[in-house]
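Each chain is listed here by its residues.
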Amino acid sequence: QVELVESGGGSVQAGGSLRLSCAASGDTQKSKTMAWFRQAPGKEREGVAALDVESHGVKNYAPSVQGRFTVSKDNARNTLYLQMNSLKPEDTAMYYCAAGAVSATLVRRAWNYWGQGTQVTVSS
């Protein structure tokens, strides 16, 4: 079992920055792959960024956040981060941390463990 706890969400103006954190606990073998997803009201949950620390450090980003967001992991603390810069109103969503996929995929159904989410609101 893996427990994921997100933090760092909040409200910012367009162009601002936020850094999300996801603390993982439990079976660390199942959190070698981790990812960030987001879901706005009425929309499907979509992959934002994913990381596989043991597969050549593979990182995948959604085209909409490429160049603005950076995913990283502090392995010693079992904590995943998402640095979000140049935020846009369309980035407004509940952001979820995920773990337990076999690769750094942005496909939602590939992930077995989920956090409760942290809200990010970007005003124009």
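Everything that follows concerns the structure shown earlier in this document.
Residues numbered from 1 in each chain as written. Predicted model: local features only at pLDDT ≥ 70, side-chain atom pairs only at ≥ 80, totals over all residues. Heavy atoms only, no water.

### Considering the overall build of the protein chain
What the protein chain contains, in helices and strands, is zero helices and eleven strands. For the protein chain, the N- to C-terminal ordering of α and β elements is β-β-β-β-β-β-β-β-β-β-β. Relative to its length of 124 residues, the protein chain is compact, with a C-alpha radius of gyration of 13 Å against a globular reference of 14 Å. Along the longest, intermediate and shortest principal axes, the C-alpha atoms of the protein chain span 40 × 30 × 25 Å. (Helix = DSSP H or I, 4+ residues; strand = E, 2+ residues; numbered from the N terminus. Rg over C-alpha atoms; globule rule 2.2 N^0.38 Å.)

### Considerations on the nonpolar core
Residues L4, W36, L82, M84 and Y95 are the most contacted members of the largest nonpolar core, which totals 29 residues. Mapped by element, the contributors of at least two residues to this core are β1 (2-7), β3 (18-26), β4 (33-39), β5 (46-52), β7 (69-74), β8 (79-84), β9 (93-99) and β11 (118-123). Once you skip the residues sitting within four places of it in the chain, M84 turns out to touch G16, S17, L18, L20, R68, F69, Y95 and V120. A35, F37, A50 and W111 belong to the second largest nonpolar core, which has seven residues in total. (Core = buried A, V, L, I, M, F, W, Y, C linked by side-chain atoms within 4.5 Å. Buried < 20%, exposed > 50% of the residue type's maximum accessible area, 1.4 Å probe, protein only. Contact = heavy atoms within 4.5 Å.)

### Some details on the state of the cysteines
By the definition in use, this model includes one disulfide. Each sulfur in the disulfide pair C22 and C97 lies 2.0 Å from the other. A torsion of -85° about the S-S bond marks the disulfide between C22 and C97 as left-handed. Separated by 75 residues along the polypeptide, C22 in strand β3 and C97 in strand β9 bring together distant segments of the chain. For C97, a relative accessible area of 0% corresponds to the buried category. (Disulfide = S-S within 2.5 Å.)

### Examining the pairing of β8
The element β8 is extensively covered by neighbouring structure, given that five of its six residues are classed as buried. Bridging between β3 and β8 involves six bridges; their strand directions are antiparallel. Across the sheet, residue L20 finds its bridge partner in β8, namely L82. What sits between β7 and β8 in their antiparallel hairpin is a turn of four residues, with N78 showing a positive phi close to 50°. (Pairing = 2+ DSSP bridges.)

### Focus: unusual backbone geometry
Even without glycine at this site, N78 takes up a positive phi of about 50°. Its identity as a non-glycine residue notwithstanding, S86 has a phi of 50°, on the positive side. Take S86: it is sitting in the loop between β8 and β9.

### Some points on the packing of aromatic side chains
By the definition in use, this model includes two aromatic pairs. Considering the side-chain rings of F37 and W111, the 6.4 Å spacing of their centres and the 70° angle between planes classify their relative orientation as edge-to-face. Separated by 74 residues along the polypeptide, F37 in strand β4 and W111 in the loop between β9 and β10 (113-114) bring together distant segments of the chain. Note on F37: relative accessible area 0%, which makes it buried. An aromatic cluster is defined as three or more aromatic residues linked by ring pairs; in this entry it consists of F37, W111 and W114. When the ring centre of W114 is taken as origin, the NZ or CZ atom of R45, which lies over that ring, is 5.0 Å away. (Phe/Tyr/Trp six-rings, centres within 6.5 Å; stacked < 30°, edge-to-face > 60°. Lys NZ or Arg CZ within 6 Å of the ring centre and 35° of its normal.)

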